[in-house]
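Topology and contacts: notes
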Amino acid sequence: MQKIILIVIIVVFASILRLTNLSLIPPKFSEDEAAISYNAYSVLKTAKDEDSRLMPVEFISFGDYKSPLSIYVTVPFIGLGGLNIDSSRLPAALFGIFSVMLFYILGVKIFDEKTGLLTAVLATFSPWHIQLSRFSTPVSIAIFLILLELIIFYSSFKKKFLCLSVIQILLILTYPGSLVVSVPLFLYYLFFSSETKFSLITKGIICLILVVVILIQKNSISHFYFESTFYKDLSFQNRINELRGYSDSYFPHLVGLIFQNKIVYFFDQLSKNYLKSFDFYYLFSYAWGKDKNLVDVMGKLYSIELIFFLIGLFYTIKKNVGRKVLLIIIFLVSPFVSILKLNVDIGTSLFFITIPFYLFAASGFIVTLGFLSSFKTKIVFVVSILAIYTLSLIVFLHYYFLHFPKNGKNLNNSIFENTSKRAFKDIEKYEKIVVSDKYSRTPYIYYLFYNGVDPKKYQESFKQRSGSEFISTTKLGNIEFRSIDYIKDDSLMNVAFIGSESDIGKFGGSCAAKNSCFLYKNQIKVEESEETFYLLVNKK
Amino acid sequence: MWLNYNKLKITLLVIITLLAFYMRLVDINRVPAGFTWDEAALGYNAYSILNTGRDEYGDFLPFIFKSFGDYKPGVYIYLAVPFIALFGLTELATRLPSIILGSLMPILVFLISRKLLSGKKDLVGLVAAFFVAFSPWFINFSRGAWETNISFFENLLALYFLIKSLENRKFLAISAILLCSSIFTYQSAKLFCVFLFSGFLFIFNKKFFTKKSYVTYFSIVLISITVLISIAEPITRSRLVVLSQYSYKRSAEEVNGIVKQDYLIPSSFEFSFFHSENLSFIKTVGSRYLNYYNPKFLFVSGPSDGRQGALNYGMMQLFELPFLLIGLFFLIRNNLLDKKVILLWLLIAPIPAALSRDVSNTVRALPLAFALEYISALGLFEFFRLIQHRKMVLIPAFAVISLGFLFSLGFFVDRYFIHNPIHSSKDWLYGHKEAISYIQDNGYKYKDIYFTTKFNEPYIFYLFYTKYDPAKYQKQAKLINNRGIDVGEVPKIDNIHFNALYWPHDRSQEGNLYIGTWLEIPDTDIDPKESKLVKTIKFLDDTIAFKFVETH
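In this report, we go over the structure that sits alongside the text. As the structure is a computational prediction, the values presented were derived from the model and not from experiment. (Residues numbered from 1 in each chain as written. Chains lettered and ligands numbered in written order. Predicted model: local features only at pLDDT ≥ 70, side-chain atom pairs only at ≥ 80, totals over all residues. Heavy atoms only, no water.)

A few words on the overall build of chain A. Assigned secondary structure in chain A consists of 25 helices and seven strands. The C-alpha radius of gyration computed for chain A amounts to 26 Å, which stays within 12% of the reference 24 Å derived for 540 residues, consistent with globular compactness. When the backbone C-alpha atoms are referred to their principal axes, chain A occupies close to 85 × 70 × 50 Å. Counting over 540 residues, chain A shows a buried share of 55%. A sequence separation of at least 24 residues applies to 72% of the contacts in chain A between residues at least 6 apart. (Helix = DSSP H or I, 4+ residues; strand = E, 2+ residues; numbered from the N terminus. Rg over C-alpha atoms; globule rule 2.2 N^0.38 Å. Buried < 20%, exposed > 50% of the residue type's maximum accessible area, 1.4 Å probe, protein only. Contact = heavy atoms within 4.5 Å.)

Right, let's get into the pattern of salt bridges. This structure, assessed with the given rule, holds 23 salt bridges over all chains. Asp-70 of chain B is the salt-bridge partner of Lys-72 of chain B, the closest N and O atoms lying 2.9 Å from each other. Comparing Lys-72 of chain B with Asp-70 of chain B shows no difference in burial state: the two are buried. Beyond isolated ion pairs, a larger network of salt bridges with shared partners links Asp-32, Asp-64 and Lys-66 of chain A. (Salt bridge = Lys/Arg side-chain N within 4 Å of Asp/Glu carboxyl O.)

A cluster of nonpolar side chains, Met-1, Ile-5, Leu-6, Ile-9 and Phe-13 of chain A, forms an exposed patch at the surface whose accessible area comes to about 510 Å². Among the secondary structure elements, Ile-9 of chain A is positioned in helix H1 (residues 2-19). (Patch = residues over 30% accessible without salt bridge, like charges linked within 9 Å, V, L, I, M, F, W, Y side chains within 5 Å. Areas by Shrake-Rupley, 256 points an atom, 1.4 Å probe, with all protein chains shown as cover.)

We now examine the sheet that holds strand S6 (residues 512-516) of chain B. All names here are of chain B. The sheet built from six strands is open, its strands ordered S4-S5-S3-S6-S8-S7 with mixed pairing. Taken across any chain shown, the strands that pair with only one partner, and hence form the sheet edges, are strand S4 (492-493) and strand S7 (531-538). One ladder, built from four bridges, connects S6 with strand S8 (residues 544-551); its direction is antiparallel. Among the inter-strand pairings, Gly-516 is bridged to a residue of S8, identified as Lys-547. (Pairing = 2+ DSSP bridges.)

The next point concerns the interface of chain A and chain B. Across the boundary between the two partners, chain A contributes 39 residues, which contact 40 residues of chain B. Of the roughly 3,900 Å² buried between chain A and chain B, counting both surfaces, carbon and sulfur atoms make up 68%. Counting across the interface, chain A meets chain B through zero salt bridges. Put simply, chain A and chain B have eleven residue pairs in polar contact (both at pLDDT 80 or more) between them. Mapped by element, the contributors of at least two residues to the side of chain A that touches chain B are helix H12 (235-248), helix H13 (253-259), helix H14 (262-276), helix H15 (280-285), helix H16 (303-318) and helix H20 (375-403) of chain A. Looking at the side of chain A that touches chain B residue by residue, the classes come out as 23 nonpolar, seven polar and nine charged. (Buried area = accessible area lost by both parts, 1.4 Å probe. Polar contact = N/O pair within 3.5 Å; in protein donor to acceptor, adjacent residues only side chain to side chain. Nonpolar A, V, L, I, M, F, W, Y, C, P; charged D, E, K, R; others polar.)

Residue and element names in this part refer to chain A. Running from amino to carboxyl end, helix H5 (residues 113-124) crosses helix H19 (residues 354-371) at an angle of 125°, the nearest separation of the two axes being 8 Å. Classed by the angle they form, the pair H5 and H19 counts as oblique. Crossing hand, H5 versus H19: right-handed. Judged by residue contacts, Lys-114, Thr-115, Leu-118, Thr-119, Leu-122 and Ala-123 of H5 engage Tyr-358, Leu-359, Ala-361, Ala-362, Ser-363, Phe-365 and Ile-366 from H19. (Axes fitted to C-alpha atoms, helices over the stretch in contact; angles between N-to-C directions. Parallel < 35°, antiparallel > 145°, perpendicular 65-115°, else oblique. Left-handed = near helix turned anticlockwise from the far one by under 90°.)

Here we take up unusual backbone geometry. With omega at 0°, the peptide bond leading from Ile-25 of chain A into Pro-26 of chain A counts as cis. Secondary-structure assignment places Pro-26 of chain A in the loop between H1 and helix H2 (31-46). Each neighbour pair has its own omega, and for Val-31 of chain B with Pro-32 of chain B the value is 0°, a cis peptide bond. Its place among the elements puts Pro-32 of chain B in the loop between helix H1 (2-25) and helix H2 (37-52). If you check the backbone angles, Met-55 of chain A has positive phi at about 35° while not being a glycine. Position of Met-55 of chain A relative to the elements: it lies in the loop between H2 and helix H3 (68-81). A positive phi angle is found at Asn-312 of chain B, which is not glycine, with a value near 60°.

A separate point is the packing of aromatic side chains. All told, the structure shown has 94 aromatic pairs over all chains when counted by the stated rule. Site record: aromatic cluster; members linked through ring pairs are Phe-103, Phe-111, Tyr-274, Phe-278, Phe-280, Phe-284, Phe-309, Phe-331, Phe-336, Phe-357, Tyr-358 and Phe-360 of chain A. Lying over the aromatic face of Tyr-250 of chain A, Arg-30 of chain B brings its terminal NZ or CZ to 4.2 Å of the ring centre. (Phe/Tyr/Trp six-rings, centres within 6.5 Å; stacked < 30°, edge-to-face > 60°. Lys NZ or Arg CZ within 6 Å of the ring centre and 35° of its normal.)

Residue and element names in this part refer to chain A. Mapping Ser-87 onto the fold places it in helix H4 (residues 85-110). For Ser-87, a relative accessible area of 5% translates into the label buried. In terms of polar contacts, Ser-87 uses its side chain to reach the backbone carbonyl oxygen of Gly-82, at 2.6 Å. A distance of 2.6 Å separates a polar atom in the side chain of Ser-87 from a polar atom in the side chain of Asn-84.

What follows is about the pairing of strand S5 (residues 495-500) of chain A. All names here are of chain A. Of all six residues in S5, six are buried; the element is thus mostly enclosed. In S5, alternate side chains face the same way, and those of Val-495, Phe-497 and Gly-499 on one face and Ala-496, Ile-498 and Ser-500 on the other are all buried. Pairing analysis gives four bridges linking strand S1 (residues 432-436) to S5, with the strands arranged parallel. Of the residues in S5, the one forming a bridge with Lys-432 is Val-495.

Moving on to the environment of Ile-7 of chain A. Looking at where Ile-7 of chain A falls in the secondary structure, it is placed in helix H1. Residues in contact with Ile-7 of chain A, not counting those within four places in the same chain, are Tyr-104 and Leu-117 of chain A.

In this structure, Trp-137, Phe-200, Trp-345, Phe-370, Tyr-459 and Ile-460 of chain B are the most contacted members of the largest nonpolar core, which totals 276 residues. Setting aside its immediate chain neighbours within four residues, Tyr-459 of chain B contacts Glu-56, Tyr-57, Ser-67, Phe-68, Tyr-473, Val-490, Ile-493 and Phe-498 of chain B. By size, the runner-up hydrophobic cluster in this structure holds 37 residues, among which are Phe-62, Ile-427, Phe-449 and Ile-498 of chain A. (Core = buried A, V, L, I, M, F, W, Y, C linked by side-chain atoms within 4.5 Å.)

With that settled, consider the pairing of strand S3 (residues 448-451) of chain B. Residues and elements named next belong to chain B. The two faces of S3 match: Asp-448 and Tyr-450 on one face and Ile-449 and Phe-451 on the other face are all buried. Summarising the sheet, S3 and S6 pair through four bridges and their orientation is parallel. Of the residues in S6, the one forming a bridge with Tyr-450 is Tyr-514. Across three bridges, S3 lies against strand S5 (residues 496-498) in parallel orientation. Considered in S5, the bridge of Tyr-450 is made with His-497.

Let us now look at the packing of H16 of chain A against H20 of chain A. In helix packing, the relevant descriptors are the interaxial angle and the interaxial distance, both defined with respect to the helix axes. Residue and element names in this part refer to chain A. Closest axis-to-axis distance for the H16/H20 pair is 9 Å, and the angle between their directions is 135°. Here H16 lies oblique to H20, going by the angle between them. Within the contact between the two elements, H16 uses Ile-304, Glu-305 and Phe-308 and H20 uses Phe-381, Ile-385, Ile-388 and Tyr-389. Residue composition of the contact of H16 with H20, grouped by class: six nonpolar, no polar and one charged.

Residue and element names in this part refer to chain B. Turning to its location among the elements, Ile-10 is positioned in helix H1. Ile-10 gets classed as partly exposed once you look at its relative accessible area, which sits at 47%. For Ile-10 and Ile-107, which are 97 residues apart along the polypeptide, the C-alpha to C-alpha distance reads 9.8 Å.

Everything listed here is a matter of geometry and, on its own, says nothing about what the molecule does.
This is how it looks when you write it as structure tokens:
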């Protein structure tokens, strides 16, 4: 009974932290989130995605192949709650809450009851887990599935194998990044575990099915792993040549050939990317500039947890590793997710590392508690650790819920929403509407999302799609999504321009002063900076 | 075992030491790419002591040298005196104390590991000595006149006697004396020495605090007094303040930004709770401390400053990484003496560096290198012990590891000896020697010579490279306070002025020579009617270091 009450309390806390003000924090509703929601909306209304493909297992979206599972999971939420930010973020938040429960079960399976509870507590209040549960991302679902896979792996029941296979397939459909953790686990179970007693043919068929699913998702997987990799960076051959030139001036040419070549460069980059993932600075103190959805002045984990993680790991190694070796392996393979990337974004890709981290940290705490002999010292220990932990938590919450939404860098895009809604209200009045692509590389998706454009109408209407890095709709009916060049665009009459300070601000003011155009200014001021959106129409 | 293989081991150790000496001496005139002010100051003060018994300011045999106003501890300078007496005032002679003691470190590491493993696994010691001989971190600081290297040597020796004192308590006194000497060798050694000594006493308190533990008390008193003296001296204290992280607070803008977002006033409780200076201090120090264990820093990217190691190459060799992990695993598992001692060393080594102002500073964190190399050596040893009975694995593994080592070493040599000098020649103040030699040859032609202070403290290079008579200099030595940086500067020696150039004014002065950076004397502003570019000196990466312009 006591146990259930504790779990309920944990879940309540987890829910509060993951559901409060969901639509406002994180402040930026990203293009990816909008695309996932709009595709879900499109599936809901027409059973087709934005590219008019019937119930696809592959969503091309911006050419980055969005996770099919997270789109399908979002469908019922959009159906119930309508097309808005809340319903788009709710699935991730709910999976985050479920994950907390799974952390508990896994802790119990691998360690013991107390460790399980503590693991769930750590996950509940984890800055990393909270932040990655609060926006629409497949990672939140993937961590849930991986936890589930681990739990099944550590338990024994009749249909275990079937469950593992299903989860494996779901993971492929959710987040290609999860494969580095889940596939080795699954293959180990299939071929090396003493539990599986299938014939080689059965095993072969299962592998075949997996390969087929992977092939179906091959675009998504290859995009995930091989897009924007460091070896596609063209400057590296020049760099090698330059280094070789220096070597040649001191050593025979052969030395330069041995130490400055593509293989060495490749290996050097791989090791840099791998080791970068264990950068304490970014794990415990600051976030990367790239991780837009994370608070940058805080780490992803609390420093106090590191001590207990090390104790837990230390103790496990010292006593008996056994099946816990799997956790160590997960810890070591997690960085492989983004090892080929030019810019490593550990904020999302390294997230699986939290599984071993929290489990060991919790066990480390319990072990340390066990070492203390008298009741008094135990109380002092628990109270002091609790005080430090609470302080870290409060500081994080303060930064995340108070400073994060106010920071200029993360400006809310409701401003874009307001401006564009005003223009699209009288869309018939204008000959053409030009939306700047400075604010976002794929502005059309915001137009579709914020204006709730009927998917059927969108699929049928005339459109142009192009882009090298990102596929974006550049023309849709009489709306154009492009950069605004006022020297050329000055002569266009009865055209509404929507853009930001850098597009329209400069000349908008002067033409409004001359009374040659109509300028509507939509401004949001936050403390550090301000963002203005303009709607400009040239007068005849 | 020791008796049978005694000779072999000694031979191997001698070979390793010779290799270490070679790695620390080879091409020393070209790598590092230059000679820093601190090195020049150490060398010149030793020269001054040798000739006059006084430092550059005329103080008789001082304990602490005023130098640039940074108050250098004297041990290095006195160590350099005999070498300068033998070889004259040269760069090599100044660096020799560091080179020689650095080359002896492998022996010391071998002895320490022998003591730690109570003479059982001598192979670990040999491997550790070998790793130390080729460690980028060790090599870099043994190739320059670094006080930290001498202090590190003393710390290692002190550790040896600390371990010995577990058998015979008398050695504790020797160890305490060595630690005191280390404190007088390098400013940042204080904290490390105190932590090492007190940590050791704490861990092995049962051995040291029994009846009649006079030696223990004597050692504690000795170290306390030394630390108190070194802190109490107002001049060194001021240096401590300059270097400590706590003296560098957040900027007013940063604090204002926080205040605005929070709608709080800085004196309110909430502000002091969430954004106090103390909290930000703890956070900064904590993250800096962790920074030193960053695998990326240790194995691939290395230091941010070309003087502190090979750029784009870690502080250790990448092939050691798996053995570091294996070593850590076995260090924890085996219940030997090395567990406590090495873990203690590993954990306290970055503390002084974490408390100082730089984000990562391999100079102050140098002691960390020992613990890491020892653990890697242990890892390699344990790895081979695991596979020793599987011949099918043993030979390929040996081959792969040897190749890995050779490649790593080759890569290091390429990066450190070829590319690093090119990219770090500016950090190493390349060009000063050439500039001074030009002044020496052509200085007589000019009324006054003006030398830029853009690279700080040019006067010491003038004194060093011209072997300026110390007695003559002591009479005119004068240090003015410079507000911008933490040390003072000397404005003038004879007719050579050391100050920042201001070309719009300087160009109209007749008969002078101006030596400045390309920013101070832009090409377009050299008017043939009034001035002439007579020489340029370039850094090794082909950017301009100095321009020599005469006015007529």
